[in-house]
Amino acid sequence: MKPIALKPITLTLYQGIRDYLFITFGLLIYSFALTYFMLPYQITTGGMAGVGSIIYYATGFEVQNTYLIINAIFLIVAIKVLGIKFCIRTIYAVLMLSFLIWLIQRIAEGEGGELPRVCGDQAFMACVFGAVLEGMGLAICFINNGSTGGTDIIAAIVNKYKNMSLGTIIMVCDMIIVSSCYFVFHDWQRVIFGFATLIISSITLDYVVNRKRQSVQFMIFSRNYSKIADAINSTGRGVTVLDGTGWYTKTERKVVVVLVRKSESVNIFRMIKSIDPYAFVSMGNVQGVYGEGFDEIKAKKMNKGKKTIVFASNNEHKLTEIRAILGDKFEVRSLSEIGCRTDIPETADTLEGNALQKAQFVKRFYGFDCFADDTGLECSALNGAPGVFSARYAGGEGHDSEANMQKLLANLEGKADRSAQFRTSIALIYNGQTHFFEGIVKGTIATEKHGEGGFGYDPIFVPEGYDKTFAELGSEVKNTISHRALAVEKLAAFLK
């Protein structure tokens, strides 16, 4: 029986609902810990809840009110830096946590509004239990892409750019908050309890988050390697098949290598056993897995001051033009420089479609932000031909520029209208979004070839305002007025 395949929209909706349910559960645990273990013993916790607690101890102004007011300010930062998706969940978490703190206090408080002391006179035990529960609650929120606001926003911002644990960042930020409780109680014991709370909750947070993110590596030796690889690949995980040799039998073997979250390992074992119960399997824990589908690599780039971007081409003429236009602001890599030697298909019926097809290929299989172009020569007398077929206008294999020019000149022979335009469309995939840029240069088609420079149709195209072909004008002039130059200038302006 085949598993039910969820549509992308349904899957996204399900994931969103699941995240919000778990975020709510994490907030409930945090609220319970604050109400039953922290507030009754006047222990200062971290974050904006800690600030609210200090104000509560000093003035009686309830924690949730201070928490809500301060976080309204922090949310402005969250919108600008972390994005609207993170902000929406943060707004939800702030409102929900404020409500849950209020609700649980109303449930817990006895006569006179006093909160119960569930650990009797054992303030340290309350500190330990409360800190563990707080750490668990925060971890559940972070794992499900949520935030409780306040110092969590600061931690999430730093963690986005630096490879620092969330628990460590929060602890450093919260030390100031906990230390300030001394000015209310003038009691160093309460400050020490506050620091103990920070340490225990931070360790708990890191433990839960890292356990959730822990990954394992499988090496699978099986004669049915192809079926096993297909089965694992169908779950959305990438699979690599290596060539090996069994040294005892001196026969070739295939080795299936896959990296998955530890929580997925049981399913992997089930797949292997159902296909080949006699497979030899090695599973080992890995320190960290970074890349698509796992954790993001957070490290400073070596090329300081430059942005690395891939131009989906190996055409040396195009690369020379692009690098000259972009100057030293970007490190432009070719397909061969990222290890791509595949002839990327161009099967779309428009220039924009071909450019996007190439850029998507690079992004999908190599992970780089990328831009790709497609250029067409459009002649008025030929109803826009050769257009999207400019590179292969003469047919046959490869891009035969000489044959293409001869065919175009033959088709235009006797035509009074020799006006034409070069049009370049660039598709850019950058930070997960797609953008298009277009450059057009108008001109005419000469009756015969002139000049030795350039490439493609350059020897027969005379740009508007000039009496020489692109091939005669040379690269220095062409790079400032060409269709590709205009499109790349728009690209460069956007990237700046």
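Keep in mind it's a predicted model, so treat the numbers as computed, not measured.

Calculation rules
- Residues numbered from 1 in each chain as written.
- Predicted model: local features only at pLDDT ≥ 70, side-chain atom pairs only at ≥ 80, totals over all residues.
- Heavy atoms only, no water.
- Helix = DSSP H or I, 4+ residues; strand = E, 2+ residues; numbered from the N terminus.
- Buried < 20%, exposed > 50% of the residue type's maximum accessible area, 1.4 Å probe, protein only.
- Contact = heavy atoms within 4.5 Å.
- Areas by Shrake-Rupley, 256 points an atom, 1.4 Å probe, with all protein chains shown as cover.
- Salt bridge = Lys/Arg side-chain N within 4 Å of Asp/Glu carboxyl O.
- Pairing = 2+ DSSP bridges.
- Axes fitted to C-alpha atoms, helices over the stretch in contact; angles between N-to-C directions.
- Left-handed = near helix turned anticlockwise from the far one by under 90°.
- Polar contact = N/O pair within 3.5 Å; in protein donor to acceptor, adjacent residues only side chain to side chain.
- Core = buried A, V, L, I, M, F, W, Y, C linked by side-chain atoms within 4.5 Å.
- pLDDT = per-residue confidence, 0-100.
- Patch = residues over 30% accessible without salt bridge, like charges linked within 9 Å, V, L, I, M, F, W, Y side chains within 5 Å.
- Phe/Tyr/Trp six-rings, centres within 6.5 Å; stacked < 30°, edge-to-face > 60°.

Draft legend 1. Broad picture of the overall build of the chain. Broken down by element type, the chain carries 17 helices and 10 strands. Expressed as a percentage of the 496 residues in the chain, the buried residues total 44%. Long-range pairs, those at least 24 residues apart, make up 64% of the contacts in the chain with a sequence separation of at least 6. Looking at the chain as shown, the accessible area adds up to about 26800 Å², and 58% of this sits on carbon and sulfur atoms.

Draft legend 2. Structural context of the pattern of salt bridges. With the rule as written, the count across this model stands at 16 salt bridges. Linking Glu62 and Arg106 is a salt bridge whose minimum nitrogen-to-oxygen distance equals 3.0 Å. Within this pair, whereas Glu62 is found in the loop between α2 (47-59) and α3 (63-81), its partner Arg106 is found in helix α4 (residues 84-108), the two being separated by 44 residues in sequence. Using a relative accessible area of 27% as the deciding quantity, one classes Arg106 as partly exposed. Of the charged contacts in the structure, one is a salt bridge between Glu337 and Arg323, with a shortest N-O distance of 3.0 Å. Pair noted here: Glu337 is in the loop between β6 (330-333) and α13 (351-366) and Arg323 is in helix α12 (residues 316-326), with a separation of 14 residues, a long-range link. For Glu337, a relative accessible area of 48% corresponds to the partly exposed category. Accessibility expressed as a relative area gives 31% for Arg323, which makes it partly exposed. Several salt bridges share partner residues, and in doing so they unite Glu352, Glu378, Arg423 and Glu438 into one network.

Draft legend 3. Highlighting the sheet that holds strand β3 (residues 251-261). Read across the sheet, 4 strands follow the order β2-β3-β1-β4 without closing on themselves; strand pairing throughout is antiparallel. Edge positions in the open sheet fall to β2 (240-246) and β4 (280-286), since each of these has one partner strand only. On average, each strand axis in the sheet is inclined to that of its neighbour by 25 degrees, with strand direction left out of account. Of the pairings in the sheet, the one linking strand β1 (residues 215-221) to β4 comprises 7 bridges and is antiparallel in character. In the sheet register, Met219 faces β4, and the bridge partner there is Ser282. Across the sheet, helix α10 (residues 225-233) lies against β1, β2 and β3, angled at about 15 degrees from β3, the strand it touches most. Against the sheet, helix α11 (residues 265-275) makes contact with β1, β3 and β4, and its axis sits at roughly 10 degrees relative to β1, the strand it touches most.

Draft legend 4. The packing of α10 against α11, seen in detail. In the contact formed by α10 and α11, the axes pass within 10 Å of each other and the chain directions differ by 145 degrees. By crossing handedness, the relation of α10 to α11 is classed as right-handed. Residue-level inspection shows Lys227, Ile228, Ala231 and Ile232 of α10 in contact with α11, the latter providing Ile268, Met271, Ile272 and Ile275.

Draft legend 5. Representation of the side chain of Thr197 in the model. With respect to the helices, strands and loops of the structure, Thr197 is situated in helix α9 (residues 188-213). A distance of 2.9 Å separates the side chain of Thr197 from the backbone oxygen of Phe193, its partner in a polar contact. Ignoring sequence-local partners within four residues, the contact set of Thr197 consists of Met38, Ile43, Thr44, Thr45, Cys127, Ala131 and Glu134.

Draft legend 6. Region of interest: the environment of Ser98. For Ser98, the position within the fold is in helix α4. Judged by relative accessible area, which is 8%, Ser98 ranks as buried. Considering only alpha carbons, one finds Ser98 and Val63, 35 residues apart in sequence, at a separation of 8.3 Å. Once you skip the residues sitting within four places of it in the chain, Ser98 turns out to touch Gln64, Tyr67 and Leu68.

Draft legend 7. Representation of the pairing of strand β9 (residues 433-445) within the structure. Pairing of strand β8 (residues 419-430) with β9 involves 12 bridges; the strand directions are antiparallel. Within β9, the position partnered with Ala420 by the bridge is Gly443. Hairpin connection from β8 to β9: 2 residues lie between these consecutive antiparallel strands, with Asn431 at a positive phi of about 55 degrees. As paired elements, β9 and strand β10 (residues 461-463) share 3 bridges and run antiparallel to each other. Note that in β10 the partner of Gly443 across the bridge is Pro463.

Draft legend 8. Molecular detail of the nonpolar core. Counting 41 residues, the largest nonpolar core has Leu27, Leu34, Leu39, Tyr41, Ile43, Leu97 and Leu205 as its most contacted members. Contributions of two or more residues to this core are made by α1 (8-38), α2, α3, α4, α5 (123-143) and α9. The element contributing the most residues to this core is α4, with 8 residues. Core analysis: the next-biggest nonpolar cluster, separate from the first, contains 19 residues, Ile309, Ile322, Leu326 and Ala485 among them.

Draft legend 9. Geometry of the pairing of β2. Strand direction decides the pairing type here: β2 and β3, joined by 7 bridges, are antiparallel. Considered in β3, the bridge of Leu242 is made with Val255. The turn linking β2 back onto β3 is made up of 4 residues, and Lys250 within it adopts a positive phi angle of 55 degrees.

Draft legend 10. Region of the structure containing the confidence of the model for the chain. On average, residues of the chain carry a pLDDT of 82, and 86% of them reach 70 or more. This model gives residues 1-9 a pLDDT under 50, and the stretch forms 1 contact once residues within four places in sequence are excluded.

Draft legend 11. Representation of a nonpolar patch on the surface within the structure. There is a patch of nonpolar side chains on the surface, built from Leu13, Ile17 and Leu21 and spanning about 320 Å² of accessible area. One can find Leu13 in helix α1. Residue classification places Leu13 among the exposed positions, given a relative accessible area of 55%.

Draft legend 12. Quick peek at the packing of aromatic side chains. Within the structure shown, the criterion is met by 18 aromatic pairs. With centroids separated by 6.2 Å and ring planes inclined at 50 degrees, the aromatic side chains of Phe124 and Phe193 adopt a geometry described as tilted. Note that Phe124 is positioned in helix α5 and Phe193 in helix α9, a separation of 69 residues in sequence. Between Phe461 and Phe470, the ring centres sit 5.4 Å apart and the planes meet at 40 degrees, which makes this aromatic pair tilted.

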